[in-house]
Amino acid sequence: MQTISILLENKPGALLRVTGVLSARGYNIESLTVAKTLDPQLSRMTIVVDVEERIRTQVVKQINKLINVLQATDLTDSPAVIREMVLVRVRCHQESRTTVLKEAEIFHSRVVDSSTEGFAIEATGDPEKLDEFIEVMRSYGEIDVARSGAIAMSLESKKLRLQPPVAAPATTPAFTEPRL
Amino acid sequence: MNESGKLMNGAEVLLECLAREGVDCFFGYPGGVTLPFYDALFDSHIRHVLVRHEENACFAAEGYARSTGKVGVCCATSGPGATNLVTGLVDAMMDSIPIIAITGQVTSKLIGSDAFQEADTFGITRPATKHNFMVKNVQELPQIVHEAFYIASSGRPGPVLIDIPKDVFQARGHYTPVDTIHLPGYKVFTEGHAGQIRRAAQLIWEAERPFVYAGGGTVLGKASEELTELVELVDLPAVCTLMALGSLSSSHPNFISMPGMHGSYAANMGMTECDLLIALGTRFDDRVTGQLQAFARHARVIHVDIDPAEVGKNRVPDIPIVGDVKRVLQKLNKVLTELEPEFKPKQAASRAQWWSRIRDWQTEHPYDRSRAEDEIKPQHLMDEIDRLSGGQAIVTADVGQHQMWAAQLVRFNEPHLWINSGGLGAMGFGLPAALGAQMARPDKLVFAICGDGGFQMSIPELATIASHALPIKIIVMNNGYLGMVRQWQTLFYNNRLSAVELDCFPDAEKLAGAYGFKGRTIDKPWQLAQALEEAVKEPGPYLLNVKVTRDENVYPMVPAGGAIHEMVLGPPQPVVVA
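Residues numbered from 1 in each chain as written. Chains lettered and ligands numbered in written order. Predicted model: local features only at pLDDT ≥ 70, side-chain atom pairs only at ≥ 80, totals over all residues. Heavy atoms only, no water.

### Examining the overall build of chain A
When helices and strands are counted, chain A shows four helices and ten strands. Secondary structure elements in chain A, listed N-terminal to C-terminal, are β-α-β-β-α-β-β-α-β-β-α-β-β-β. For 180 residues, the compact-globule estimate of 2.2 N^0.38 gives 16 Å, and chain A exceeds it by more than 25% at 23 Å. Overall, chain A is about 85 × 45 × 30 Å in size when its C-alpha atoms are taken along their principal axes. Residues counted as buried form 42% of the 180 residues belonging to chain A. Within chain A, residue pairs in contact and separated by at least 24 positions form 71% of the contacts whose partners lie at least 6 positions apart. Counting every atom, chain A has about 10500 Å² of accessible surface; 53% of that belongs to carbon and sulfur. Distance from the positive charge centre (22 side chains) to the negative charge centre (24 side chains) of chain A: 9 Å. (Helix = DSSP H or I, 4+ residues; strand = E, 2+ residues; numbered from the N terminus. Rg over C-alpha atoms; globule rule 2.2 N^0.38 Å. Buried < 20%, exposed > 50% of the residue type's maximum accessible area, 1.4 Å probe, protein only. Contact = heavy atoms within 4.5 Å. Areas by Shrake-Rupley, 256 points an atom, 1.4 Å probe, with all protein chains shown as cover. Lys, Arg positive; Asp, Glu negative; His and termini not counted. Charge placed at Lys NZ, Arg CZ, Asp CG, Glu CD.)

Below is the structure:
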């Protein structure tokens, strides 16, 4: 799996333009998260895909070309922190409750709901770690899982290159006569 | 932002924007939701050409854009009007043609309610355009329209669609002058890396067998002059792709015709045998490269393109230069001139040898220009059109055999003369494109060369041509087949001719007569020259239906997936049984 981080304008249709670059080439999106940045006019999107390198390079270039995209970066081979959150509801027998809590602790997760049927647990970590967490929980009983998809933060300071405003072409007024 | 000017409605604001962008004429078809716009248009000095189908509005706008280098504008109503534009938009997208498409949309509060003639135009056209907009209120209209023109015409050009709900056309507002365009994510690289340009110049002088591969970017980037200077400065052989014909004059001695699937033998051999390929504003399209592994297999590659996504897409270049081809060539030519005294004498011998090989290829296998005694060969037709044009006329084409023969045999001494649907290969393009071109350049002789298939796709536009009395010379190369598909069925499907015979074609004289202009059908070679001259002399439109040899194939031909040096040069020789 590879991770692409995208800074884009927070505008209707912008998300579709990005995902369209992948779907037009027949690629599936493994996970996608998007939310506003400090600047509410911009969003940060993290996409996880499984696309071979040569085509991924092309895809990232095509995403960068989109008018609404300020920057798209392939984080696959660069230093980055990648985290995901998962909510697991596990139904367990009375006798395994303590062990489930122990396991939850090992994964530094948090119990967010407890009932006679079992627990709802929230965990964050890198996606592989969460896979393991889910496997462990599954061994105690029936589970329901909701994953957030990965979010990523590059650890390289890559300069954001933005297009400065350009002067609009000089135009001449069309109508001098009052028209209404 | 300062508000200025009088109170107008959205439709008038839009017209003000169009006028300020220098739009003098556009192509469209009205409908329910564009009523307020057409009402405002009634008072405008901007000419509107009422086409007979929205697809042709976009093709005509392309003809306008391709023949002038300016932005072409088309307009359609919501729903079917907008969906009919899509083929034209994709065509403009594939060939990077600057187009503004304006579509009406149902009233804002009805959007999403499956209202009459509602379609998700914004969604449908997203992958068909360079960018698209949906206007939410009249205040943002000027900014959006001027941004749209800027996006369409800058960088790698392309179509931009603006979807405008009916209530925005009706809403009261002002035209607010737009001083700056701020699109922080729209990066346009124009200058080219100085170090790379220097390295490229050095490689060009050092190469023993350099070869220029000029693409459509040299036309779009208006770099014809710089290309010619480059070619002459270093005495380089050069090919122009289907999209670039005329960028280096077809009459220039260094012009080695078109490369690719139906390119010339010399062009394809030159591409294969060169040791340096200078690719300018081009995208290494599969119809040019054939099998990629074998393409320019001995060559180092310099690739200049304004679109960073094209560099390395199909062929990884040794020297990538992202920039505007005109700017880059200006700088490159300067460095080449500087280096000339040092390098020029060194490769003189090998260069002379390279040129003599190219000249040999040209003489060994020129294009087939054979004629027949009692049939009109398609090549004969193109030769005659070439004679009348003298490299000066605008020629539009549909898609197929006639397009390839025209590209091979008709000369273009300037860019913006050869107009065809290259990337998308949209049949029916020729006639509406000619309409757009003739509107844009009324002084020019315009030939619309159509196949009998493509012509029948756009017959409705005969009415538009007639009503504007446009003196277009419509030449139908009629072989009674969808010729190119028939050619492939003949060569690769055991001559099982499936659904390719066009056994009914209207009587050209009666058809043209029905629209009020002249038409004629000919089928004998001795009629050809005189009939074409008569067509050209006619002050109005003219429909000339030319019945040609039915089963002629276009050669040379690179079979799909083959290497371009493995061309089929002619029909298979009959097996002689001893």
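### Some words on the interface of chain A and chain B
Each partner contributes residues to the interface: chain A has 36 residues there, and chain B has 41 residues. Regarding the contact of chain A and chain B, the summed buried area is about 3200 Å², with carbon and sulfur atoms giving 54% of it. Linking chain A with chain B are one salt bridge, by the criterion used here. For Asp307 of chain B, the salt bridge is made with Lys65 of chain A, and the minimal N-O distance between the two is 2.6 Å. Between chain A and chain B we count twelve residue pairs in polar contact (both at pLDDT 80 or more) in total. Tallying contributions element by element places helix 2 (residues 53–65) of chain A first for the side of chain A that touches chain B, with six residues. Split by residue class, the side of chain A that touches chain B holds 18 nonpolar, ten polar and eight charged. Bridge count for strand 10 (residues 166–167) of chain A against strand 9 (residues 180–181) of chain B is two bridges, and the pairing is antiparallel. By the bridge assignment for strand 9 of chain B, Val166 of chain A is matched with Ile181 of chain B. (Buried area = accessible area lost by both parts, 1.4 Å probe. Salt bridge = Lys/Arg side-chain N within 4 Å of Asp/Glu carboxyl O. Polar contact = N/O pair within 3.5 Å; in protein donor to acceptor, adjacent residues only side chain to side chain. Nonpolar A, V, L, I, M, F, W, Y, C, P; charged D, E, K, R; others polar. Pairing = 2+ DSSP bridges.)

### With respect to the sheet that holds strand 1 (residues 2–9) of chain A
All names here are of chain A. Strand order in the open sheet made by the four strands is 2-3-1-4, with antiparallel pairing throughout. With one partner strand each, in any of the chains shown, strand 2 (29–36) and strand 4 (69–74) form the two edges of the open sheet. Recorded for the sheet is a direction-independent mean angle of 15 degrees between the axes of neighbouring strands. In this sheet, strand 4 lies alongside strand 1 in antiparallel orientation, the contact comprising five bridges. Paired with Ile4 across the two strands is Asp74, which belongs to strand 4. Against the sheet, helix 2 touches strand 1, strand 3 (42–49) and strand 4, its axis set at about 165 degrees to strand 4. (Axes fitted to C-alpha atoms, helices over the stretch in contact; angles between N-to-C directions.)

### Description of the nonpolar core
Residues and elements named next belong to chain B. Of all hydrophobic cores here, the largest spans 119 residues; its most connected members are Phe27, Ile302, Leu381, Met382 and Phe455. It is helix 13 (residues 325–343) that contributes the most residues to this core, eight residues altogether. Setting aside chain neighbours within four positions, we find Ile302 in contact with Ala200, Leu203, Ile204, Leu276, Leu277, Ile278, Ala279, Ile319 and Ile321. With 45 residues, the next largest nonpolar core counts Ala11, Phe37, Leu41 and Tyr150 among its residues. (Core = buried A, V, L, I, M, F, W, Y, C linked by side-chain atoms within 4.5 Å.)

### Looking at unusual backbone geometry
Residues and elements named next belong to chain B. Tyr555 connects to Pro556 through a cis peptide bond whose omega is -5 degrees. In this structure, Pro556 sits in the segment after strand 20 (542–547). The backbone phi angle of Lys222 is positive, close to 50 degrees, even though this residue is not glycine. With respect to the secondary-structure elements, Lys222 resides in the loop between helix 9 (217–220) and helix 10 (224–234). Here Phe284, not a glycine, exhibits a phi torsion of approximately 50 degrees, which is positive. In this fold, Phe284 is placed in the loop between strand 12 (276–280) and helix 12 (286–289). Assessed through its relative accessible area of 2%, Phe284 is described here as buried.

### Thoughts on the packing of helix 15 (residues 378–389) of chain B against helix 22 (residues 525–537) of chain B
Residues and elements named next belong to chain B. Orientation of helix 15 relative to helix 22, taken along the N-to-C sense of each, is 35 degrees, at an axis distance of 10 Å. For the pair helix 15 and helix 22, the crossing hand works out as right-handed. Here helix 15 contributes His380, Leu381, Glu384, Ile385, Arg387 and Leu388 to the contact with helix 22, which in turn contributes Pro525, Leu528, Ala529, Leu532, Glu533 and Val536. The residue makeup of the contact of helix 15 with helix 22, split by class, is eight nonpolar, one polar and three charged. (Left-handed = near helix turned anticlockwise from the far one by under 90°.)

### Here's the deal with the environment of Gly540 of chain B
All names here are of chain B. With respect to the helices and strands, Gly540 occurs in the loop between helix 22 and strand 20. Remark: the alpha-carbon pair of Gly540 and Leu245, spanning 295 residues in sequence, is separated by 28 Å. Among residues more than four places away in sequence, those in contact with Gly540 are Leu470, Pro471 and Lys473.

### With respect to the packing of aromatic side chains
Residues and elements named next belong to chain B. If you walk through the whole model with that rule in mind, you get 15 aromatic pairs over all chains. Judged by centre distance (6.0 Å) and plane angle (45 degrees), the ring pair of Phe26 and Phe37 falls under tilted. Here the residue Phe26 occupies a position in strand 2 (residues 25–28), and Phe37 occupies one in helix 2 (residues 35–41), the gap between them amounting to eleven residues. Both residues of the pair, Phe26 and Phe37, belong to the buried class. With a centroid separation of 5.8 Å and 85 degrees between ring planes, the pair formed by Trp354 and Trp361 is classed as edge-to-face. Note on Trp354: relative accessible area 2%, which makes it buried. (Phe/Tyr/Trp six-rings, centres within 6.5 Å; stacked < 30°, edge-to-face > 60°.)

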